[in-house]
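# Observations on the three-dimensional arrangement
Here is what each chain is made of, one letter per residue.
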Amino acid sequence: QVQLVESGGGLVQAGGSLRLSCARSGGTESGYAMGWFRQAPGKEREFVAAISRNGGGTAYADSVKGRFTISRDNAKNTVYLQMNSLQPEDTAAYYCAADRRGAYSGSYRSQSMSSYEYWGQGTQVTVSP
């Protein structure tokens, strides 16, 4: 019943910026904790950022801390990932995910991929040198 749709990916030059969006339809009215993950060809999927249901708790991978910002607009059932100072090593397919445990606690968020029950199809981000 829950559907996640990512958008905003594309091709940018090193040092540029992109903002990814993830819109949720279906599911509970109270919402979910949300996360962003990415996967490059030949590599494992890795954690990027997470945000709690109420938006008060966030977490970032060390590789993106200070450059990326996760936020959400619960009135629109949408989570965002603002990506600044992009580098070629950021090139990957980016996926958003929803964790239903966030419906039970407004401050809960997880960095573990196994915590998330619902996944989008991904959006490609390519950064040229």
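An account of the accompanying structure is given in this report. Note that the structure is a prediction, hence the values are computed from the model and not measured. (Residues numbered from 1 in each chain as written. Predicted model: local features only at pLDDT ≥ 70, side-chain atom pairs only at ≥ 80, totals over all residues. Heavy atoms only, no water.)

## Focus on the overall build of the protein
Helix and strand content of the protein: 0 helices and 11 strands. The linear arrangement of helices and strands in the protein, starting from the amino end, is β-β-β-β-β-β-β-β-β-β-β. Taking 14 Å as the expected radius of gyration for a compact globule of 129 residues, we find that the protein reaches 14 Å, a close match to that expectation. Taking the principal axes of its C-alpha atoms as reference, the protein extends roughly 45 × 25 × 25 Å. Long-range pairs, those at least 24 residues apart, make up 60% of the contacts in the protein between residues at least 6 apart in sequence. Entry remark: accessible area of the protein is about 6,500 Å², with carbon and sulfur atoms responsible for 44%. Put simply, the protein has 13 plus and 10 minus side-chain charges, and the middle of one group is 4 Å from the middle of the other. (Helix = DSSP H or I, 4+ residues; strand = E, 2+ residues; numbered from the N terminus. Rg over C-alpha atoms; globule rule 2.2 N^0.38 Å. Contact = heavy atoms within 4.5 Å. Areas by Shrake-Rupley, 256 points an atom, 1.4 Å probe, with all protein chains shown as cover. Lys, Arg positive; Asp, Glu negative; His and termini not counted. Charge placed at Lys NZ, Arg CZ, Asp CG, Glu CD.)

## A look at the sheet that holds strand E7 (residues 68–73)
Spatially, E1-E3-E8-E7 is the arrangement adopted by the 4 strands of the open sheet, whose pairing is antiparallel. Strands at the two margins of the open sheet, each flanked by one partner only, are strand E1 (3–7) and E7. Neighbour to neighbour, the strand axes of the sheet diverge by 15° on average, direction disregarded. (Pairing = 2+ DSSP bridges. Axes fitted to C-alpha atoms, helices over the stretch in contact; angles between N-to-C directions.)

## Topic: the pattern of salt bridges
Under the defined criterion, the tally for this structure stands at 6 salt bridges. With a shortest N-O distance of 2.7 Å, Arg-38 and Glu-46 are connected by a salt bridge. Residue classification places Glu-46 among the partly exposed positions, given a relative accessible area of 31%. Here Asp-90 makes a salt bridge to Arg-38, at a shortest N to O gap of 3.0 Å. (Salt bridge = Lys/Arg side-chain N within 4 Å of Asp/Glu carboxyl O. Buried < 20%, exposed > 50% of the residue type's maximum accessible area, 1.4 Å probe, protein only.)

## Here we look at the packing of aromatic side chains
What the rule picks out here adds up to 5 aromatic pairs. Taking the centre distance of 5.4 Å and the plane angle of 75° together, the rings of Phe-37 and Tyr-116 count as edge-to-face. Placement of Phe-37 in strand E4 (residues 33–39) and of Tyr-116 in the loop between strand E9 (92–99) and strand E10 (118–119) is noted, with a sequence separation of 79 residues between them. The buried category is assigned to Phe-37, whose relative accessible area is 1%. The class of Tyr-116 is buried, set by a relative accessible area of 5%. (Phe/Tyr/Trp six-rings, centres within 6.5 Å; stacked < 30°, edge-to-face > 60°.)

## Digging into the state of the cysteines
In this structure the tally under the stated criterion is 1 disulfide. Note that Cys-22 is cross-linked by a disulfide to Cys-96, the S-S spacing being 1.9 Å. Classification of the bridge connecting Cys-22 and Cys-96 rests on its S-S torsion, roughly 50°, and on that basis the disulfide is right-handed. Of the two residues, Cys-22 sits in strand E3 (residues 18–25) while Cys-96 sits in strand E9, which places them 74 residues apart along the sequence. Per residue, the accessibility class of Cys-22 equals that of Cys-96, and both read buried. (Disulfide = S-S within 2.5 Å.)

## Comments concerning the nonpolar core
Grouped together as the largest cluster of nonpolar side chains are 33 residues, with contacts concentrated most on Met-34, Trp-36, Val-48, Phe-68, Leu-81, Met-83 and Tyr-94. Setting aside residues no more than four positions away along its own chain, Met-83 makes contact with Gly-16, Ser-17, Leu-18, Leu-20, Arg-67, Phe-68, Tyr-94 and Val-125. (Core = buried A, V, L, I, M, F, W, Y, C linked by side-chain atoms within 4.5 Å.)

Everything listed here is a matter of geometry and, on its own, says nothing about what the molecule does.
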